[in-house]
Amino acid sequence: MKALVKKESSPGLWLCDVPEPKIGINDVMVKMRKTSICGTDFHIYKWDAWAQRTVREGQIIGHEFCGEIVAVGENVHDFKPGDLVSGEGHLVCGRCRNCLAGRRHLCAHTRGIGVNTDGAFAEYLAMPMGNVWLADPRIPEEIISCFDPLGNATHTALSFDVLGEDVLITGAGPIGCMAAAIVRHAGARHVVVTDINPWRLELAKRMGATRIVDVSKEDLKAVQQELGMHEGFDVSLEMSGSPKAMEAIVENACHGGRIAILGIFPEKFAIDWDKVIFNMLTIKGIYGREMYETWYKMTMMIQTGLDISPVITHRLHYTEFLFGFEAMKSGQAGKVVLDWTA
Ligand code: NAD
Ligand code: ZN
């Protein structure tokens, strides 16, 4: 079969012929229909220090997908050929304290499909039935292929109650943009999205931001005044991975403000702990998605009108994957979806 492989220990990705995967008794075989490119794939493409430490040569990458089940192992009774599915890319151990308690997203031994094991950028993917999400076939396949990052956005955005609240989102990448749509859907009042990339800020506006702020030009305190806000942001979602953005969140939070952090920071840095303590801020780190409450919530939000389609800016055939990665490099891309059907 065809697959996108990290063939050599150097920047790039290679379209290769590889053997089809085999399924075990608890696995399903998925024939790929649409995949979308994640920032993680882009790290692997660039071959930065994290990717070099983490990914082995010869690995098939990718973990955001929508496909059709074509075969199931003999222990699998809940899925059948023809089912349209996506899947949770975090493989959990099933045996640690959290897994046994049903808190699988808090597993201490998580491994990643397309990072630590062969991934979804291929004609076929074999995966454990416990990681399969049965998709609503009325939802477009390209949207289902974005369920993994939409899940990151959902997990973060719904960590705290946002109904009637003023929400600050730092970072208008695909996930920040999806989070803007979600908090609007969930009833937030002001949805202020920051970035330093004007193209992405415009995308955030199309996705539901009520005020976009280029922090290289504008000051958030002045924006708060303009909006008639007196006490700071009630809820803040860090989605840029920038220490400066985290600093701005702590500076602009209300007393008792709640902060969820998804962004992955490149290095350790200091924040003003006095503000955290004396303003009684709550800070929550977010990794992945809740299994499977997040998947349920995002499906229901889409069924009740959440529209994330503007975030998909590029639709390409899988053989054109290099254009997709280069579009991401340019900074003028939201989600890039690859088609595996033709
Ligand atoms: P992205 O890199 O596409 O977007 C980040 C955006 O932040 C960019 O548009 C960038 O211009 C902007 N930015 C940079 N400096 C800024 C600043 N000072 N203030 C405001 N914005 C600034 O990322 P993405 O794919 O949308 O993902 C968002 C973040 O979440 C990334 O840091 C990513 O690594 C992280 N992530 C975490 C998880 C997890 O499970 N914790 C999962 C997926 C992604
Ligand atoms: Zn576990």
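These numbers were taken from a predicted model, which means no experiment stands behind them.

Visitor: Residues and numbers for the overall build of the protein, please.
Guide: When helices and strands are counted, the protein shows twelve helices and 18 strands. Relative to a compact globule of 342 residues, whose C-alpha radius of gyration would be 20 Å, the protein shows 20 Å and is just as compact. Each principal axis of the C-alpha atoms in the protein carries an extent, and together these give about 60 × 40 × 40 Å. A burial count over the protein gives 55% of its 342 residues as buried. Long-range contacts, defined as pairs at least 24 residues apart, comprise 68% of the intrachain contacts of the protein with a sequence gap of at least 6. Taken as a whole, the protein presents about 15,300 Å² of accessible surface, with 52% of it coming from carbon and sulfur. For the protein, the distance from the average position of its 35 positive side-chain charges to the average position of its 42 negative side-chain charges is 2 Å.

Visitor: Tell me about the pairing of strand β5 (residues 64–72), residues and numbers included.
Guide: Here strand β3 (residues 27–36) runs beside β5; their pairing, made up of eight bridges, is antiparallel. Within the sheet, the bridge partner assigned to K34 lies in β5 and is C66. Pairing of β5 with strand β6 (residues 84–87) involves two bridges; the strand directions are antiparallel. Each residue of the ladder has a partner; that of G67, found in β6, is V85.

Visitor: How would you summarise the packing of helix α5 (residues 147–157) against helix α11 (residues 293–303) if you had to cite specific residues and measurements?
Guide: Each pair of packed helices gets described by two things: the angle between the helix axes and the distance between those axes. Contact geometry of α5 with α11 gives a least axis separation of 9 Å together with a crossing angle of 100°. Relative to α11, α5 is oriented roughly perpendicular. The segment α5 lies against α11, with F147, D148, L150, G151, T154 and H155 engaging T294, W295, K297, M298, T299, M301 and I302. Split into classes, the residues belonging to the contact of α5 with α11 amount to six nonpolar, five polar and two charged.

Visitor: Give a description of unusual backbone geometry that names residues and reports values.
Guide: The linkage connecting M291 with the following residue, Y292, adopts the cis geometry, with an omega of 0°. Of note, Y292 is situated in the loop between β16 (282–285) and α11. One non-glycine residue, W47, lies in positive phi territory at about 65°. Looking at where W47 falls in the secondary structure, it is placed in the loop between α1 (39–46) and α2 (49–54). Look at M280: it is not a glycine, yet its phi comes out positive at around 55°. Inspection of the secondary structure assignment puts M280 in the loop between α10 (273–278) and β16.

Visitor: Account for the site of ligand 1, naming residues and giving values.
Guide: The local shell around ligand 1 holds 22 residues, among which D195, R200, L262, I286 and G288 are the closest. A distance of 3.1 Å is found between an oxygen atom of ligand 1 and a backbone nitrogen or oxygen belonging to I175. Between ligand 1 and R200, the relevant distance is 2.8 Å, taken from an oxygen atom to a side-chain nitrogen or oxygen of the residue. Relative to its unbound accessible area of 860 Å², ligand 1 is 79% covered by the protein chains. Mapped by element, the contributors of at least two residues to the shell around ligand 1 are α6 (174–185), β12 (191–195) and α9 (243–252). Taken together, the residues of the shell around ligand 1 break down into ten nonpolar, nine polar and three charged.

Visitor: Report on the side chain of K6, specifying residues and quantitative values.
Guide: Structurally, the position occupied by K6 is in strand β1 (residues 2–6). There is no salt bridge for the buried K6, and the closest opposite charge comes from E8, which lies 8.7 Å off by N-O distance. In contact with K6, other than residues within four places in its own chain, are P11, G12, L13, W14, I44, Y45, W47, R56, E57, G58 and Q59.

Visitor: I'd like to hear about helix α12 (residues 321–330), residue by residue, with values.
Guide: All buried positions along α12 are accounted for by F321, G324, F325, A327 and M328. One side of α12 holds all its buried residues, which, seen down the axis, span an arc of 155°. For α12, exposure combined with an orientation more than 90 degrees from the buried face picks out F323 and K329. Turning to α12, the residues buried within the fold contact β1, β2 (14–17), α1, β17 (312–317) and β18 (335–339).

Visitor: Describe in detail the environment of L203, supporting the description with residues and values.
Guide: Relative to the assigned elements, L203 resides in helix α7 (residues 198–206). Once the C-alpha coordinates of L203 and L168 are considered, the two residues, 35 residues apart in sequence, prove to be 16 Å apart. Not counting residues up to four positions away in its chain, the partners in contact with L203 are C177, P310, V311 and G334.

Visitor: Provide a residue-level description of the domain arrangement of the protein, including the pertinent values.
Guide: Interface size, as often reported, equals the accessible area lost upon joining of the parts. What the domain assignment reports for the protein is domain 1 (2–146 + 308–339) and domain 2 (153–285). Centre-to-centre, using C-alpha coordinates, domain 1 lies 29 Å away from domain 2. Contacts between domain 1 and domain 2 engage ten residues on the former and ten residues on the latter. In total, about 880 Å² of surface goes out of reach between domain 1 and domain 2, with carbon and sulfur atoms giving 75% of it. It is I308, P310 and V311 that lose the most area in domain 1 upon contact with domain 2, and together they represent 42% of the buried surface on that side. Counting across the interface, domain 1 meets domain 2 through zero salt bridges.

Visitor: Just give me the short version of the pattern of salt bridges, but keep the residues and values in it.
Guide: All chains considered together, the criterion is met by 19 salt bridges. With a shortest N-O distance of 3.4 Å, E165 and R258 are connected by a salt bridge. Here E165 is found in the loop between α5 and β11 (167–170), whereas its partner R258 is found in strand β15 (residues 253–261), with 93 residues between them in sequence. In this structure, E326 and K329 form a salt bridge, with 3.5 Å as the shortest nitrogen-oxygen distance. Here E326 and its partner K329 are both found in helix α12, three residues apart, which amounts to about one turn of the helix. In this structure, a network of salt bridges that share partners links the residues R33, K34, E68 and E141.

Each value, and the rule that gives it
- Residues numbered from 1 in each chain as written.
- Chains lettered and ligands numbered in written order.
- Predicted model: local features only at pLDDT ≥ 70, side-chain atom pairs only at ≥ 80, totals over all residues.
- Heavy atoms only, no water.
- Helix = DSSP H or I, 4+ residues; strand = E, 2+ residues; numbered from the N terminus.
- Rg over C-alpha atoms; globule rule 2.2 N^0.38 Å.
- Buried < 20%, exposed > 50% of the residue type's maximum accessible area, 1.4 Å probe, protein only.
- Contact = heavy atoms within 4.5 Å.
- Areas by Shrake-Rupley, 256 points an atom, 1.4 Å probe, with all protein chains shown as cover.
- Lys, Arg positive; Asp, Glu negative; His and termini not counted.
- Charge placed at Lys NZ, Arg CZ, Asp CG, Glu CD.
- Pairing = 2+ DSSP bridges.
- Axes fitted to C-alpha atoms, helices over the stretch in contact; angles between N-to-C directions.
- Parallel < 35°, antiparallel > 145°, perpendicular 65-115°, else oblique.
- Nonpolar A, V, L, I, M, F, W, Y, C, P; charged D, E, K, R; others polar.
- Near = heavy atom within 4 Å.
- Polar contact = N/O pair within 3.5 Å; in protein donor to acceptor, adjacent residues only side chain to side chain.
- Salt bridge = Lys/Arg side-chain N within 4 Å of Asp/Glu carboxyl O.
- Arc of directions from axis to C-beta.
- Domains from an automatic or database assignment.
- Buried area = accessible area lost by both parts, 1.4 Å probe.

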